[in-house]
Amino acid sequence: MNKIVLITGASSGIGKACAIKFASAKNSLIITGRRIEKLSKLKDELEKEYGIKVLTLCFDVQDRKAVVTVFKGLPNQWKKIDILINNAGLALGRDSFENADLDDWETMLNSNVHGLLYVSKSVLPFMLAQKKGHIINIGSVAGKEVYEKGNVYCASKFAVDAITKAMRIDLLKNNIKVTGIHPGAVETEFSLVRFKGESSIAKAAYDGFTPLTAEDIAETIYYCSNLPSHVCINDLVITCTQQASTYYFNKNE
Ligand code: NDP
Ligand code: 8X3
């Protein structure tokens, strides 16, 4: 099996774990992100370890022109993309509505919603030409239930959930599978980014319970992408055993 798998936000966390998982199964990878040095290092490691081909694309998903240009210029041998994992995204801040920063809100909406739309619209023509494909969008439990001080991050992930459902309906006629993966707490760089480099606050986000790992999510995504062609997982919410919702945790004493 040798598919072409495009993973956005592969420089860390869930995206990086997906890159390693799909590489270990001998797929060819297109990995994207803004931190080119991390992507280049990962490319070298994966090519050496698994003897596969990896293409790195460095762009900000918020930059519509950059996204369109990058995919217009994609070399022919990389155009037959089988799987798109729309993973790039972030939370910024955890503030009550009246205190939250408008710039943080815009960055979240531009990255998590607009970025996902720009990448999807750019990649879809390649899937339409092949009359098949699989788009996997990374939502969140925050896109299923709103929590205190989650406001616009939750809104961005509710949008991802709605877009995922809309894609599935509109692309049904085109033989394109669309899957929404909605994780609970996963220990990655997510909290460090959310709390703007405040490492002690970021670490405390996982106090008292064993969170999911990026590898747990990568395994799940890999499973969803390797089912028979007539089977599509539509929507999957996955939490660690000590989490039941955005609010309820069974924390250690
Ligand atoms: P990380 O911070 O570890 O990874 C985020 C990835 O997204 C990085 O590779 C980053 O790359 C990329 N990214 C962020 N913004 C942009 C941008 N503007 N342009 C291009 N790439 C970008 O976090 P996670 O792995 O946890 O997050 C991955 C996804 O999973 C996100 O969509 C997040 O919302 C979602 N999620 C995370 C959960 C968690 O608890 N960790 C739970 C539920 C969902 P770079 O900085 O190099 O650009
Ligand atoms: C990340 C999970 O609960 O921190 O999407 O919003 S949460």
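Each remark here, short or long, concerns the structure printed above.
Rules behind the numbers
Residues numbered from 1 in each chain as written. Chains lettered and ligands numbered in written order. Predicted model: local features only at pLDDT ≥ 70, side-chain atom pairs only at ≥ 80, totals over all residues. Heavy atoms only, no water. Axes fitted to C-alpha atoms, helices over the stretch in contact; angles between N-to-C directions. Helix = DSSP H or I, 4+ residues; strand = E, 2+ residues; numbered from the N terminus. Parallel < 35°, antiparallel > 145°, perpendicular 65-115°, else oblique. Left-handed = near helix turned anticlockwise from the far one by under 90°. Contact = heavy atoms within 4.5 Å. Nonpolar A, V, L, I, M, F, W, Y, C, P; charged D, E, K, R; others polar. 1 Å grid on protein atoms, 1.4 Å probe; cavity = no way out; pocket = protein on both sides within 12 Å on 5 of 7 lines; lining within 4 Å. Points joined across faces, edges and corners; volume = space filled by probe spheres on them. Near = heavy atom within 4 Å. Polar contact = N/O pair within 3.5 Å; in protein donor to acceptor, adjacent residues only side chain to side chain. Areas by Shrake-Rupley, 256 points an atom, 1.4 Å probe, with all protein chains shown as cover. Phe/Tyr/Trp six-rings, centres within 6.5 Å; stacked < 30°, edge-to-face > 60°. Buried < 20%, exposed > 50% of the residue type's maximum accessible area, 1.4 Å probe, protein only. Lys NZ or Arg CZ within 6 Å of the ring centre and 35° of its normal. Core = buried A, V, L, I, M, F, W, Y, C linked by side-chain atoms within 4.5 Å. Pairing = 2+ DSSP bridges.

## Some thoughts on the packing of helix H1 (residues 13-24) against helix H8 (residues 214-225)
- Between H1 and H8, whose axes approach to 8 Å, the crossing angle comes to 55°. Viewed along their axes, H1 and H8 adopt a mutual orientation that is oblique. Between H1 and H8 the crossing geometry is right-handed. Residues Gly13, Ile14, Ala17, Cys18, Lys21 and Phe22 of H1 lie in contact with H8, whose contacting residues are Ala214, Glu215, Ile217, Ala218, Glu219, Ile221, Tyr222 and Ser225.
- Residue composition of the contact of H1 with H8, by class: 9 nonpolar, 2 polar and 3 charged.

## Structural notes on the layout of surface pockets
- Approximately 250 Å³ is the volume attributed to the second largest pocket.
- In terms of lining residues, the second largest pocket is bounded by Lys3, Ile81, Asp82, Ile83, Lys132, Gly133, His134, Asn175, Lys177, Ser225, Leu227 and Ser229.
- Tallied by class, the residues present in the lining of the second largest pocket amount to 3 nonpolar, 5 polar and 4 charged.

## Overview of the site of ligand 2
- Lining the immediate surroundings of ligand 2 are Ser140, Ala142, Tyr147, Tyr153, Phe190 and Arg194.
- Between tyrosine 153 and ligand 2, the recorded distance is 2.6 Å, taken from a side-chain N or O atom to an oxygen atom.
- Taking 240 Å² as the accessible area of ligand 2 by itself, protein coverage stands at 83%.

## Side note on the site of ligand 1
- For ligand 1, the set of nearby residues contains 29 residues, the closest of which are Ser11, Ser12, Arg34, Tyr153 and Thr188.
- Here asparagine 87 contributes a backbone N or O atom positioned 2.8 Å from an oxygen atom of ligand 1.
- Here lysine 157 contributes a side-chain N or O atom positioned 3.0 Å from an oxygen atom of ligand 1.
- The protein chains hide 96% of the 880 Å² of surface that ligand 1 would expose on its own.

## Considering the environment of isoleucine 83
- Its location among the elements puts isoleucine 83 in strand E4 (residues 83-86).
- Residues isoleucine 83 and isoleucine 136, spaced 53 residues apart in sequence, show a C-alpha to C-alpha distance of 7.5 Å.
- Not counting chain neighbours up to four residues away, the residues in contact with isoleucine 83 comprise Lys3, Ile4, Val5, Leu6, Phe22, Met127, His134, Ile136 and Ser225.

## Digging into the packing of aromatic side chains
- Going through the model one piece at a time under the given rule, you end up with 7 aromatic pairs.
- Measuring from ring centre to ring centre gives 5.8 Å for phenylalanine 59 and phenylalanine 71, while their planes differ by 75°; the resulting arrangement is edge-to-face. Separated by 12 residues along the polypeptide, phenylalanine 59 in the loop between strand E3 (54-58) and helix H3 (64-72) and phenylalanine 71 in helix H3 bring together distant segments of the chain. Here the two residues phenylalanine 59 and phenylalanine 71 agree in accessibility, since each one is buried.
- Both rings, one in phenylalanine 97 and one in tryptophan 105, keep their centres 4.8 Å apart while their planes meet at 50°; by these two values the pair is tilted.
- One aromatic cluster is present, formed by Tyr206, Phe209 and Phe249 through successive ring pairs.
- Lysine 21 extends its terminal NZ or CZ atom over the ring of tyrosine 222, reaching a point 4.9 Å from the ring centre.
- Seen from the ring of phenylalanine 249, lysine 251 lies directly overhead, with NZ or CZ sitting 5.2 Å from the centre.

## Some remarks on the nonpolar core
- Membership of the largest hydrophobic core comes to 36 residues, with the highest contact counts inside it found for Phe22, Leu29, Ile85 and Ile221.
- Put simply, the parts of the chain that give this core at least two residues each are strand E1 (4-7), H1, strand E2 (28-33), helix H2 (36-50), E4, strand E5 (133-138), H8 and strand E9 (235-238).
- In this structure, Ile4, Leu84, Val123 and Val178 belong to the second largest nonpolar core, which totals 27 residues.

## Some remarks on the pairing of E1
- Where burial is concerned, the two faces of E1 agree: the one with Ile4 and Leu6 and the one with Val5 and Ile7 are both buried.
- Bridge count for E1 against E2 is 4 bridges, and the pairing is parallel. Across the sheet, residue leucine 6 finds its bridge partner in E2, namely isoleucine 30.
- As judged from the 3 bridges shared by E1 and E4, these two strands associate in the parallel manner. Across the sheet, valine 5 pairs through a bridge with isoleucine 83, a residue of E4.

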